[in-house]
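# Structural overview
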Amino acid sequence: MTETYGTERGAGGGDQGPEEENRDETGSYGTARRGTRGDAERAEENRDETGMERWDRNFVELLQELRVAQTGVQILFAFLLTLPFTNRFGDVGDRDKVVYVITLVAAAAATALLIAPVSGHRQVFRQGRKPQLVRTASTLAQAGLAALLVAMIGAVFLVLDVVAGLGWAAGLGAAIAALFVGLWYLLPKLIRAEGP
């Protein structure tokens, strides 16, 4: 899955200078010239890899993460696409139809955003643009996960509203939303704050 750039160890990909090749996917630098460094940055430097090899590794890791998310969004999207063709869907109220439309659009957007890095990679393959690709793909993945979050909450609300009523749907939907936000966003911040 990694690209070959035809460069020797320590050389850049042609499109960026020496500073650009040492940046990680967050845009921070991992070199001794940048001042104080944390343990995580030193661990990155201790890897026996060039700047471009680091970008290759970062992209492969991102693709592995996207595979997990894509599976979930594809199953949810398939479920949502078949829902209007069931007998009971005609009996749902206007509120549930609005929630359904929002949920379906969010699932479609999540699908597009989570698959976009693969298409982007095909478009810039072997052009030495891996750093730009990794940064863009990381942003797209974050947006895709946010859209997936909306789709998941909408789907849970929709099912609970039909099965148990508005009160249960609102309460449990809020609890599920808190669970997702806690696990997807707050927990990583806590891990980051603890340090290595």
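Anyway, here's the lowdown on the structure attached to this text. Source: prediction; values computed, not measured. What you see as residue numbers is a count from 1 along each chain, following the sequence as written. Residue-level local features of this predicted model are given only where pLDDT is at least 70; pairs of side-chain atoms are given and counted only at 80 or more, and the full residue set underlies all totals for whole chains, interfaces and linings. Side-chain figures throughout are based on the complete set of non-hydrogen atoms in the structure, without hydrogens or water.

### Re the packing of helix 5 (residues 130–164) against helix 6 (residues 166–194)
For the record, the criterion: Helix axes are fitted only over the stretch in contact, all axes being lines through C-alpha atoms; the angle between N-to-C directions runs from 0 to 180 degrees. Going along the chain from the N terminus, every DSSP run of H or I of four or more residues is numbered as a helix, and every run of E of two or more is numbered as a strand. Orientation categories follow fixed angle ranges, with anything under 35 degrees roughly parallel, anything over 145 roughly antiparallel, 65 to 115 roughly perpendicular, and all other angles oblique. A crossing counts as left-handed when the near helix is turned anticlockwise from the far one by less than a right angle, and as right-handed when that turn is clockwise. The contact criterion used is simple: two residues touch if any of their non-hydrogen atoms lie within 4.5 Å.
Interhelical geometry of helix 5 versus helix 6 gives an angle of 155° and a closest axis separation of 8 Å. Classified by the angle between their axes, helix 5 and helix 6 sit roughly antiparallel to one another. Of the two possible hands of crossing, helix 5 and helix 6 adopt the one that is right-handed. Residue-level contacts link Gln-142, Leu-145, Ala-146, Leu-148, Leu-149, Met-152, Ile-153, Val-156, Phe-157, Leu-160, Asp-161 and Ala-164 of helix 5 to Leu-166, Trp-168, Ala-169, Ala-170, Leu-172, Gly-173, Ile-176, Ala-177, Phe-180, Val-181, Trp-184 and Tyr-185 of helix 6.

### Quick word on a nonpolar patch on the surface
Short version of the rule: Note that patches include only residues with greater than 30% relative accessible area and no salt bridge, and the join distances are 9 Å for like charges and 5 Å for nonpolar side chains (Val, Leu, Ile, Met, Phe, Trp, Tyr). In this description, accessible areas are obtained by the Shrake-Rupley approach with a 1.4 Å probe, and a residue is regarded as covered only by the protein chains that are shown. Here a salt bridge means any side-chain nitrogen of Lys or Arg lying within 4 Å of a carboxyl oxygen belonging to Asp or Glu. Between buried and exposed lies partly exposed: a residue is buried under 20% and exposed over 50% of the maximum accessible area for its type, with that area taken using a 1.4 Å probe on protein chains only.
A cluster of nonpolar residues, Leu-179, Leu-183, Leu-187, Leu-190 and Ile-191, forms a patch on the protein surface that exposes about 480 Å² of accessible area. Take Leu-179: it is sitting in helix 6. Leu-179 sits in the partly exposed class, given a relative accessible area of 47%.

### What about the nonpolar core?
As a reminder of what qualifies: Nine residue types can take part in a nonpolar core, namely buried Ala, Val, Leu, Ile, Met, Phe, Trp, Tyr and Cys, and a core is a set of them joined through side-chain atoms within 4.5 Å.
Grouped together as the largest cluster of nonpolar side chains are 31 residues, with contacts concentrated most on Phe-59, Leu-66, Leu-76 and Tyr-100. Mapped onto this core, the elements with two or more residues apiece are helix 3 (51–82), helix 4 (94–123) and helix 5. For this core, the leading source of residues is helix 5, giving 11 residues. Among all residues touching Tyr-100, those that are not within four sequence positions of it are Leu-80, Leu-81, Leu-83, Pro-84, Phe-89 and Leu-158.

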